[in-house]
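Residue strings, one per chain:
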Amino acid sequence: MNTQKIKKIFFTYFLVWWIPILSYLIPFLVFFLGNVLKKDLLIEISLALFFLNVLGNVISAIVQIAIKKWYFLFPQILITGFLFVFVTIYFTFSAPDYYGANKEIPKGIEIYEPSVKEPTVKDFEAFNLILTSSFQPGMYHYFTNYIPTENGFFFLKAFEITSNDPLSSERMKIRSKVTVENAETKIYSGEFVIYEGSWGDKYGARIELWFEPLHGKEYKITERNYIIEGWMR
């Protein structure tokens with residue numbers, strides 16, 4: 001395709017009022033393909049194409065005024081405005097997340113499913129960190145019988161096993177925080193949420209238990225590998 005043909009297509013896009021509207025099919029088709037293949041990259045590309053086409057519709061509407069076909073800007077602006085609001089609301093409240101969809105759970109390592117019931121004292125004979133499932137996938141409780149020698153707080157760090165990606169790192173420390181005062185022999189418990197991924201897309205994560213003293217540097221107590229899934233907002 002030579003330069004002249006490219007220029008002609010480019011200018012036709014802005015001059016013919018219905019072409020920018022029809023072009024919304026392209027990002028929606030890419031979005032559909034991303035959902036079928038469960039690829040976050042395609043979802044992100046579809047969103048970029050959508051907003052690029054929004055800009056194209058706005059420019060085309062201005063062109064319609066310039067060529068004295070101002071009445072065509074109304075369907076362009078109305079349809080663009082509706083789709084903009086729809087897409088914004090959709091991605092704000094229920095954006096797809098396929099982080100865990102194409103990841104494999106490693107073989108040849110010790111990895112566990114979260115328990116469906118609270119642990120008993122006997123369960124801590126082998127481990128001092130135990131995870132249990134909450135009422136929704138992606139939400140978890142953790143339990144430990146580790147007794148610190150000073151006041152402070154427990155918290156968790158989580159990493160996807162194959163990539164070592166930090167999971168929910170901005171919220172994990174605050175969400176999983178459990179304060180320890182006047183350390184005593186007991187089972188401490190906290191909760192946390194994994195935001196990466198969606199229900200049903202399970203993957204492996206390394207869950208690390210940490211402790212931060214009131215006066216001193218944080219340190220890791222233990223770690224265990226678990227099969228987890230993300231919480232769907």
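Residues numbered from 1 in each chain as written. Predicted model: local features only at pLDDT ≥ 70, side-chain atom pairs only at ≥ 80, totals over all residues. Heavy atoms only, no water.

Enquirer: Got a minute to help me understand the packing of helix α3 (residues 25-37) against helix α4 (residues 40-66) in this structure?
Expert: Each pair of packed helices can be summarised by the angle the axes make with each other and by the distance between the axes. Taken N-terminus to C-terminus, the directions of α3 and α4 make an angle of 170 degrees; their axes are 8 Å apart at the nearest point. Classified by the angle between their axes, α3 and α4 sit roughly antiparallel to one another. Touching Ile26, Pro27, Val30, Phe31, Leu33, Gly34, Asn35 and Leu37 of α3 are Leu42, Ile43, Ile45, Ser46, Leu49 and Phe50, all from α4. A breakdown of the residues in the contact of α3 with α4 according to their chemical character gives 11 nonpolar, 3 polar and no charged. (Axes fitted to C-alpha atoms, helices over the stretch in contact; angles between N-to-C directions. Helix = DSSP H or I, 4+ residues; strand = E, 2+ residues; numbered from the N terminus. Parallel < 35°, antiparallel > 145°, perpendicular 65-115°, else oblique. Contact = heavy atoms within 4.5 Å. Nonpolar A, V, L, I, M, F, W, Y, C, P; charged D, E, K, R; others polar.)

Enquirer: Help me out: how do you make sense of the packing of aromatic side chains in this one?
Expert: One pass over the structure, following the stated rule, counts 27 aromatic pairs. Consider the rings of Phe31 and Phe91, whose centres lie 5.9 Å apart with planes at 65 degrees: the pair is edge-to-face. With Phe31 in helix α3 and Phe91 in helix α5 (residues 73-93), this residue pair connects regions lying 60 residues apart in the sequence. Taking the relative accessible area as the measure of exposure, Phe91 reaches 23% and is therefore partly exposed. Joined through ring pairs, the aromatic side chains of Trp17, Trp70, Tyr71, Phe72 and Phe74 make up one cluster. (Phe/Tyr/Trp six-rings, centres within 6.5 Å; stacked < 30°, edge-to-face > 60°. Buried < 20%, exposed > 50% of the residue type's maximum accessible area, 1.4 Å probe, protein only.)

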